[in-house]
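Coordinate analysis (summary)
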Amino acid sequence: MNNIAIRLMYDGTQYHGWQMQKEMQTVQGTLEEALSRVCGHNVKVSGCGRTDAGVHAETYCANFKTQSRIPPDRLPLAVNSLLPPDIAVQSAVIAPDGFDANLSCIKKEYTYRIFNAKIRNPFYSKRTHFYPKALDIPAMKKAAAHFVGTHDFAAVRSVGTETKTTVRTVHWYEVESIGGMVELRACANGFLYNMARAMAGTLLYVSEGKITPDDLPNLLELRDRSLTGPTVPPHGLYLTRIWYAGQVGEMMGSL
């Protein structure tokens with residue numbers, strides 16, 4: 001039995017997140033149905049993370065076990081012929097037996113995209129967060145620097161999933177404005193439930209002057225979710241990069 005790792009991307013607009021849910025359309029459920037038809041047996045997929053309803057993935061990794069002899073290089077075309085247009089498998093490789101898309105992931109990058117203009121763009125309505133007020137980019141960059149490092153991030157997570165610890169290491173948090181598009185890119189060894197969206201909302205609070213950049217260290221130390229910014233809407237969030245070692249890392253293009 002082979003352990004197959006696949007790289008895919010999806011527009012999460014029509015889905016209730018990645019993870020399988022009863023009577024709900026999910027990315028995992030849609031993918032498993034297509035893979036099961038291609039492989040000729042029931043396929044269960046393990047994904048690299050639980051993206052929420054409406055969240056997108058420009059890069060995503062999943063793995064599954066199969067006895068099918070279909071060559072990995074032919075798998076993407078076969079599966080894509082059965083998938084809807086908003087999900088696409090890009091590549092596949094035979095991974096080591098112990099590889100797990102979630103547990104083997106070294107770090108992830110999420111990007112939150114804000115369309116910052118006075119007039120909304122209908123083509124961005126489900127793929128960015130429309131924010132008509134002028135953003136204070138320098139203040140947001142200064143505040144974002146305080147997220148970097150190993151901290152307890154309980155102040156920027158929602159209660160929803162159990163976790164042994166709320167301590168995470170953020171490798172970088174970049175704020176970039178190009179034209180009317182502002183991108184907030186956070187890379188960490190792991191993310192808590194709604195952490196990326198709460199961090200983005202906190203930076204919007206900084207831009208609005210509701211908190212100052214220098215407030216961030218103390219707010220993180222207090223671990224009080226009510227003192228930081230809101231959880232911004234999901235449709236502006238993308239999983240943009242993930243890192244693995246070895247052959248899977250080469251396939252993902254991150255190492």
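The rules behind these values
Residues numbered from 1 in each chain as written. Predicted model: local features only at pLDDT ≥ 70, side-chain atom pairs only at ≥ 80, totals over all residues. Heavy atoms only, no water. Helix = DSSP H or I, 4+ residues; strand = E, 2+ residues; numbered from the N terminus. Rg over C-alpha atoms; globule rule 2.2 N^0.38 Å. Buried < 20%, exposed > 50% of the residue type's maximum accessible area, 1.4 Å probe, protein only. Contact = heavy atoms within 4.5 Å. Areas by Shrake-Rupley, 256 points an atom, 1.4 Å probe, with all protein chains shown as cover. Core = buried A, V, L, I, M, F, W, Y, C linked by side-chain atoms within 4.5 Å. 1 Å grid on protein atoms, 1.4 Å probe; cavity = no way out; pocket = protein on both sides within 12 Å on 5 of 7 lines; lining within 4 Å. Points joined across faces, edges and corners; volume = space filled by probe spheres on them. Nonpolar A, V, L, I, M, F, W, Y, C, P; charged D, E, K, R; others polar. Expected span 1.5 Å × (residues − 1). Salt bridge = Lys/Arg side-chain N within 4 Å of Asp/Glu carboxyl O.

**Notes on the overall build of the protein**
On a plain count of helices and strands, the protein comes out with six helices and ten strands. Here the protein has a C-alpha radius of gyration of 19 Å; the compact-globule value for 255 residues is 18 Å, and the two agree. Seen along its three principal axes, the alpha-carbon backbone of the protein occupies a region of about 60 × 40 × 35 Å. Expressed as a percentage of its 255 residues, the buried residues of the protein come to 51%. The contacts of the protein with a sequence gap of at least 6 include a subset with a gap of at least 24, amounting to 71%. Carbon and sulfur atoms provide 51% of the accessible area of the protein, an area that totals close to 12400 Å².

**Concerning the environment of alanine 186**
Secondary-structure assignment places alanine 186 in strand 9 (residues 181–188). Residue classification places alanine 186 among the buried residues on the basis of a relative accessible area of 2%. Along the primary structure alanine 186 and aspartate 152 are separated by 34 residues, whereas in three dimensions their C-alpha atoms are 16 Å apart. Ignoring sequence-local partners within four residues, the contact set of alanine 186 consists of Lys108, Glu109, Tyr110, Trp172, Tyr173 and Phe191.

**Some words on the nonpolar core**
One finds Ile6, Leu8, Leu31, Tyr173, Leu184, Tyr244 and Val248 to be the most contacted residues of the largest nonpolar core, which totals 74 residues. At eight residues, the largest contribution of residues to this core is made by helix 4 (residues 195–208). With residues up to four places along the chain from it excluded, the contact list for leucine 184 reads Tyr110, Thr111, Tyr112, Ile114, Met140, Tyr173, Glu174, Val175, Ala200 and Leu203.

**Regarding the side chain of serine 207**
Structurally, serine 207 can be placed in helix 4. On the basis of relative accessible area, serine 207 is assigned to the buried category, the value being 15%. Those residues in contact with serine 207, other than ones at most four positions away along the chain, are Ala134, Leu135, Asp136 and Met140.

**Regarding the environment of isoleucine 87**
Mapped onto the secondary structure, isoleucine 87 falls in strand 4 (residues 87–95). Of the residues examined, isoleucine 87 reaches a relative accessible area of 3% and is grouped as buried. For the pair formed by isoleucine 87 and tryptophan 172, sequence separation is 85 residues and the distance between their alpha carbons is 28 Å. Setting aside residues no more than four positions away along its own chain, isoleucine 87 makes contact with Leu8, Met9, Tyr10, Tyr15, Val27, Thr30 and Asn80.

**Describing the layout of surface pockets**
Vacant regions in the atomic arrangement are exposed by a probe of water-molecule size rolled over the atoms. As a volume, the largest pocket reaches approximately 960 Å³. Lining of the largest pocket is provided by 37 residues; of these, Gly49, Arg50, Thr161, Phe191 and Tyr193 occupy positions nearest its centre. Among the elements of the structure, strand 5 (107–115) and helix 4 are those that each provide at least two residues to the lining of the largest pocket. Tallied by class, residues from the lining of the largest pocket come to 15 nonpolar, 14 polar and eight charged.

**As for helix 4**
Under the 1.5 Å per step criterion, the end-to-end length of helix 4 is 20 Å for 14 residues, consistent within 8% with the ideal 20 Å. Regarding helix 4, the residues found buried are Met195, Ala196, Arg197, Ala198, Met199, Ala200, Gly201, Thr202, Leu203, Leu204, Val206 and Ser207. Where helix 4 ends, the next residue or the one after it, glycine 209, has phi of about 80°, a positive value.

**Let's talk about the side chain of arginine 197**
The topology assignment puts arginine 197 in helix 4. The class of arginine 197 is buried, set by a relative accessible area of 11%. Apart from residues lying up to four places away in sequence, arginine 197 is in contact with Asp52, Tyr112, Pro230, Thr231, Val232, Pro233, Pro234 and Leu237.

**A word on the pattern of salt bridges**
Applying the stated criterion across every chain yields a total of ten salt bridges. For the salt bridge of aspartate 52 with arginine 197, the shortest nitrogen-to-oxygen distance reads 3.4 Å. Taken together, the positions of aspartate 52 in the loop between strand 2 (46–47) and strand 3 (56–66) and arginine 197 in helix 4 put the pair 145 residues apart, joining distant regions of the chain. Bridged by salt links that share partners, the residues Glu58, Arg113, Glu174, Glu176, Glu183 and Arg185 form one connected network.

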